[in-house]
Amino acid sequence: MSEFLLPDVGEGLTEAEIVAWKVKVGDTVEINDVIVEIETAKSLVELPSPFEGTVLGLLVPEGETVPVGTPIISIGAEGEAPAPTAPTSTPTEQTESDPYLGMAQKAGLEAGAAEAQVDPADIDLSNPAASGSMEGASLVGRIKAERGPMRRARRGSASPSTVAGGQTQMQVQGAFSPGGAQSDEVMPADESPVPATDQRATQAAPAEALVPAAAQEPGVVRTLAKPPVRKLAKDLGVDLTTLTGSGPSGSITRDDVQGAANGSAPAAATAATAAPAAPAAARGERETREPIKGVRKMMAAAMSQSAFTSPHVTEWITVDVTAAMQLVARLKKRPELRDARVSPLLVLARAVILAMKRTPEINSYWDEAAQEVVYKHYVNLGIAAATPRGLVVPNIKDADALSMTELAAALGELTATAREGRTQPAEMAGGTFTITNVGVFGVDAGTPIINPGESAILCFGAINKRPWVDEETGEIVVRDVTTLALSFDHRHIDGEKGSRFLADVAGMLQDPGTALLF
């Protein structure tokens, strides 16, 4: 039997949440079969199996967050007994810094084998994970599923440091050996013996409850439900306190929640209706606490670092984009763009790439450690996308080298993947400039925060019909108008450069023909 340890997927992450198991106990898996979906601090990732065999146990339930290196699944031969999830006898001390203490008990080592060492010939040195280290661990099956249990050296000294400790160890070991324990004669204690008396008669009154009386009422007790079930209930708008659980120990199951959402679930027991009415705060929570984890946790750290490190300056411009909207309508009729999603964002992305040629500082970043400004001679164009799990900024690699048709296809694929929550960490790394399109929410503009590792971000507002003064005729006409807001790092991008870049982009949206000048 082999246990698959939660790996570092390549971004230096320290923990991940088990979102959904793709297998169940008893299933047969092959190497590289997808077995579980996890959520890291950056995205959802599907993990392939490094072993082949039968699933003996799922060691971590859905919805639980565990550190890298934690065993999450056991795979072995059919009929083989899985390792116990917790030691049944006196466990070896386990700490957060070393979660693998106690592995000897889990592996079923016999007594007296604490000093046994691992035979180097039994270790597959081609896989660093075979030694318990996740550094450089491979996701593809390097550890042989038929290998016997691995042993870990006992922490600290294997021998007691005192005479009393030696006698205790000898008695414990001898109790499980033929002939029983062998020890010296027990010496009498100096203290006088304490008489054994029955203390039950003196307990005239019941002990004071450790739980407040209000919390002992049936309607106040926290409903039993697993984290995935609670999330499902939250998504469907179902109040768990109104349901009667059909699971073990009265716990709420997915079927209970889905039945309640469809109006077919039984109501909660009404035995407590005769009791006095509960306070309003007990009937419905006035506050809800949601753990900060995954993508949202990473986003919060990145935005805080950027906001308090880079001195932000934001400039605004309102522009007539009627000509750009007419261009979008014409592009949609082109046969080469028939299968692509052509939108104003595509025209803006092209204008941004062209405007960088005149103002390369926009596509650079400030290296504080080296005290240098790094100019990028490529454009990895990031598009900020709001997902149910938080904000992600995937980027189109080498967007400056793509044609209009290729850029349209890349934008469509990027946004679709982001909405599905399938953006991979590599797709969010290495960005050089970001566009955030708040116009899809009907917002005119904003003051965006620069993505770490970049120097500028452009906010694209909503396009609305507005009255506009025609500069040639002086008449008021109805035009398509939008607002652009550029935030840039004022440490190395001064007002003149930021203003020139923003004006160039706005000029190409107002008159797309000026793009030929870049």
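All values derive from a computational prediction rather than experimental measurement. (Residues numbered from 1 in each chain as written. Predicted model: local features only at pLDDT ≥ 70, side-chain atom pairs only at ≥ 80, totals over all residues. Heavy atoms only, no water.)

S.K.: I tried to follow the pairing of strand β16 (residues 456–460) on my own but got confused; where do I start?
M.R.: In the case of a regular strand, side chains alternate between the two sheet surfaces. With five of five residues buried, β16 is to be regarded as a mostly interior element. Both faces of β16 are covered, namely the face carrying Ala456, Leu458 and Phe460 and the face carrying Ile457 and Cys459. With four bridges joining them, strand β15 (residues 433–437) and β16 adopt parallel strand pairing. Residue pairing across strands places Thr436 opposite Cys459, the latter belonging to β16. Judged from the five bridges that link them, β16 and strand β18 (residues 476–489) form a sheet pairing that is antiparallel. Bridge pairing links Ile457 to Ser487 in β18. (Buried < 20%, exposed > 50% of the residue type's maximum accessible area, 1.4 Å probe, protein only. Helix = DSSP H or I, 4+ residues; strand = E, 2+ residues; numbered from the N terminus. Pairing = 2+ DSSP bridges.)

S.K.: Sorry, what's going on with the side chain of Thr436 here?
M.R.: Topologically, Thr436 is positioned in strand β15. Apart from the residues within four sequence positions on either side, Thr436 is in contact with Ala384, Pro448, Ile457, Leu458, Cys459 and Phe460. (Contact = heavy atoms within 4.5 Å.)

S.K.: Just checking my understanding: could you explain the sheet that holds strand β6 (residues 53–58) for this structure?
M.R.: Read from one edge to the other, the open sheet built from four strands follows the order β1-β8-β6-β3, with strand pairing classed as antiparallel. Across the chains shown, the open sheet's two edge strands, defined by having one partner strand only, are β1 (2–5) and β3 (28–29). Two elements, β6 and strand β8 (residues 71–76), share four bridges in a ladder whose sense is antiparallel. What sits directly across from Gly57, in β8, is Ser74.

S.K.: What's the story with helix α11 (residues 495–510) in this structure? I'm lost.
M.R.: Since there are 3.6 residues in each turn of an α-helix, residues three or four apart along the chain are aligned in direction. Between its first and last C-alpha, α11 extends 22 Å over 16 residues, near the 22 Å set by a 1.5 Å rise per residue. When α11 is considered as a whole, its buried residues turn out to be Gly498, Phe501, Leu502, Asp504, Val505, Ala506, Met508 and Leu509. (Expected span 1.5 Å × (residues − 1).)

S.K.: Would you mind going over the packing of helix α3 (residues 227–236) against helix α4 (residues 254–261) with me for this structure?
M.R.: A packed helix pair is summarised by two numbers, namely the angle formed by the two axes and the spacing between the axes. Look at α3 against α4: their axes get within 9 Å of each other, and the N-to-C directions meet at 10°. Put simply, α3 runs roughly parallel to α4. Each of Pro228, Val229, Leu232, Ala233 and Leu236 in α3 lies in contact with α4, whose residues at this interface are Arg254, Val257, Gln258 and Ala261. For the contact of α3 with α4, the class distribution of residues is seven nonpolar, one polar and one charged. (Axes fitted to C-alpha atoms, helices over the stretch in contact; angles between N-to-C directions. Parallel < 35°, antiparallel > 145°, perpendicular 65-115°, else oblique. Nonpolar A, V, L, I, M, F, W, Y, C, P; charged D, E, K, R; others polar.)

S.K.: Could you clarify how one ought to interpret the sheet that holds strand β4 (residues 34–39) in this entry?
M.R.: What holds strands together in a sheet is hydrogen bonding between their backbones, with the strands either parallel or antiparallel. Here four strands make up an open sheet; going across it, the order is β5-β4-β2-β7 and the pairing antiparallel. Strands with a single pairing partner mark the edges of an open sheet, and in this sheet they are β5 (44–48) and β7 (65–67). Neighbouring strand axes in the sheet, compared pairwise and without regard to direction, differ in orientation by 40° on average. Where strand β2 (residues 15–21) lies against β7, three bridges are found, and the strand directions are antiparallel. Within the sheet, the bridge partner assigned to Glu17 lies in β7 and is Thr65.

S.K.: Help me understand the environment of Thr70 in this model?
M.R.: For Thr70, the location among the structural elements is in the loop between β7 and β8. The exposure class assigned to Thr70 is buried, which follows from its relative accessible area of 16%. For the pair Thr70 and Leu59, spaced eleven residues apart in sequence, the C-alpha separation works out to 9.2 Å.

S.K.: Before we go on, may I ask you to explain the confidence of the model for the chain in this structure?
M.R.: Low pLDDT marks stretches whose predicted atomic positions should not be read closely. For the chain, the average pLDDT comes to 74, and 67% of its residues sit at 70 or higher. Within the model, the stretch residues 86–186 combines pLDDT values under 50 with 88 contacts to residues more than four positions away or in other chains. Throughout residues 265–282 the model reports pLDDT below 50, and contacts reaching past four residues in sequence, or to other chains, amount to 19 contacts. (pLDDT = per-residue confidence, 0-100.)

S.K.: Can you walk me through the nonpolar core in this structure?
M.R.: Side chains of a nonpolar character, in soluble globular proteins, are inclined to be buried together. Counting 45 residues, the largest nonpolar core has Leu348 and Phe433 as the members making the most contacts within it. Listing elements by their share of this core, those giving two or more residues are α7 (322–332), α8 (344–355), β12 (381–387), α9 (404–419), β15, β16, β18 and α11. The dominant element in this core, judged by the number of residues it contributes, is α8, at ten residues. (Core = buried A, V, L, I, M, F, W, Y, C linked by side-chain atoms within 4.5 Å.)

S.K.: Even after reading the chapter, I still don't get the environment of Met356, so can you show me in this structure?
M.R.: Its place among the elements puts Met356 in the loop between α8 and β10 (364–367). The class of Met356 is buried, set by a relative accessible area of 5%. Through-space distance from the C-alpha of Met356 to that of Val505 is 9.3 Å; in sequence the pair is 149 residues apart. Those residues in contact with Met356 that lie beyond four places of it in its chain are Ile362, Asn363, Val379, Phe433 and Phe501.

S.K.: What is the right way to look at the packing of aromatic side chains in this model?
M.R.: To describe a pair of aromatic rings, one takes the distance between the centres and the angle between the planes. One pass over the full model with this rule turns up one aromatic pair. Between Phe433 and Phe501 the ring centres are 5.7 Å apart and the planes differ by 65°, which places this aromatic pair in the edge-to-face class. One end of the pair, Phe433, is in strand β15; the other, Phe501, is in helix α11, with 68 residues separating them in the sequence. On the basis of relative accessible area, Phe433 is assigned to the buried category, the value being 0%. (Phe/Tyr/Trp six-rings, centres within 6.5 Å; stacked < 30°, edge-to-face > 60°.)

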